[in-house]
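Observations on the model geometry
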Amino acid sequence: MITIKSLNLQIATLVGTFVFGFSCQTKTIDYENIAIAITNEAKTNLVQKLTTAIAEGGTKQAIPFCKMNAIGFTNQLGKKHGVELRRITNKPRNPSNAFKSEEKDIFLEIEKLKTTEGVFPKKTVTSDAFVTVYIPIPVGGLCIQCHGEPIQDIKKETLAVLEKEYPGDLAKGYRLGDLRGLFSVKFPK
Ligand code: HEC
């Protein structure tokens, strides 16, 4: 015998299954927030390593340290999260960080969209096989001693090391708040 109570329960279960099942099926992955978490981890780690290297041997000794570790660390962190993680820029110090194909246009678009508060937007690009989230890397106070104006911001001895390690270096002359580059976080779909 079907009582009103059990009928109500059956209807509730049916509705619940439908709503739950439906919401599960259409659940979208929040690529942007995952990318933010990954790049925050990268930033925190890179800045920590950099600060330690500077404290131990000064700016000029931190440069060979960056050369040996920055790309390897970024690659590994990406792998750990199942994405391809890169730092890309229009003015590379390490030529491996130069743009590929459409990345230049994305950089210029993000650079142009700087708000009056000095904030650069993020951008997500979706293709058949990948979702790529681009996250801006602005220039902060710590960066100027290696990416600022020669002599004025970058000490002579630091310049000498830069010239030796990176003969084609383009990553100088930045000011606070400039767009230094982008994190590219590429997710397989
Ligand atoms: C001790 C000097 C030093 C400081 C300080 C420094 N950098 Fe760099 N930066 C480097 C070196 C050296 C490289 C090249 C690393 C490599 O070979 O992978 C580099 C590379 C980069 C790259 C990758 C693109 C490229 O040009 O190759 C970005 C982005 C970047 N730095 C941003 C920053 C930001 C943002 C800060 C401040 C938070 C900062 N850097 C502080 C020395 C420094």
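Residues numbered from 1 in each chain as written. Predicted model: local features only at pLDDT ≥ 70, side-chain atom pairs only at ≥ 80, totals over all residues.

Description of the nonpolar core
Our working definition: Think of a nonpolar core as buried Ala, Val, Leu, Ile, Met, Phe, Trp, Tyr and Cys residues, each tied to the set through C-beta atoms within 7 Å. For the exposure call, what matters is how many other C-beta atoms sit within 10 Å of a residue's own: 20 or more marks it buried, 12 or fewer exposed, and in between partly exposed, using C-beta atoms placed from the backbone. The way it works is that DSSP assigns letters per residue, a run of H or I at least four long becomes a helix, a run of E at least two long becomes a strand, and they are numbered from the N terminus. Throughout, a pair of residues is in contact if the C-beta atoms placed from their backbones lie within 7 Å.
With 14 residues, the main nonpolar core has Ile38, Leu85, Ile135, Leu182, Phe183 and Val185 as its most contacted residues. Put simply, the parts of the chain that give this core at least two residues each are helix H2 (31–80), strand E1 (84–88), strand E3 (130–138) and strand E4 (179–188). Other than its neighbours up to four places away in sequence, Ile38 contacts Leu77, His81, Val83, Leu85 and Val185. If you look at the next biggest cluster of nonpolar residues, it comprises six residues, including Ala62, Ile63, Ile154 and Leu162.

Things to note about unusual backbone geometry
Apart from glycine, the bulk of residues carry a negative phi angle, and the bulk of peptide bonds sit in the trans form. A positive phi angle, close to 25°, is found at Ser101, a residue other than glycine. By secondary structure assignment, the location of Ser101 is in the loop between E1 and helix H3 (103–112). The exposure class of Ser101 is exposed, given the 7 C-beta atoms found within 10 Å. Phi at Ile151 is positive, roughly 70°, even though this residue is not glycine. Judged by local crowding, Ile151 falls into the exposed class, with 9 C-beta atoms found within 10 Å.

With respect to the sheet that holds E1
As a reminder, the rule being used: Criterion used throughout: strands pair if DSSP finds at least two bridges between them. The axes are straight lines fitted to the C-alpha atoms, using for helices just the contacting stretch, and the angles between their N-to-C directions are given from 0 to 180°.
Reading across from one edge, E1-E4-E3-E2 is the order of the four strands in this open sheet, with antiparallel pairing throughout. This sheet does not close on itself; its edge strands, each paired only once, are E1 and strand E2 (123–126). Along the sheet, successive strands turn relative to each other by an average axial angle of 20°, direction set aside. Pairing of E1 with E4 involves five bridges; the strand directions are antiparallel. Within E4, the residue paired with Arg86 across the bridge is Ser184. The sheet strands contacting H2 are E1, E2, E3 and E4, and the helix crosses E1 at an angle near 50°. Each of E1, E2, E3 and E4 is contacted by H3, which is oriented at about 125° to E4, the strand it contacts most.

Details of the site of the ligand
Which entries qualify depends on this criterion: Being near a molecule or strand means, for a residue, that its C-beta atom, positioned from the backbone, comes within 6 Å of it. Amino acid classes used here: Ala, Val, Leu, Ile, Met, Phe, Trp, Tyr, Cys and Pro are nonpolar; Asp, Glu, Lys and Arg are charged; the rest, including Gly, are polar.
Near the ligand there are 27 residues, and of these Ala62, Asn94, Cys143, Cys146 and Gly181 occur at the shortest range. For the shell around the ligand, the element with the most residues is H2, which contributes ten residues. Grouping the constituent residues of the shell around the ligand by class yields 15 nonpolar, eight polar and four charged.

What to know about the environment of Lys123
Residue placement: Lys123 occurs in strand E2. Judged by the 17 C-beta atoms lying within 10 Å of it, Lys123 falls in the partly exposed class. Remark: the alpha-carbon pair of Lys123 and Pro136, spanning 13 residues in sequence, is separated by 9.0 Å. Dropping the residues within four chain positions of it, Lys123 is found in contact with Ile106, Glu109, Ile110 and Tyr134.

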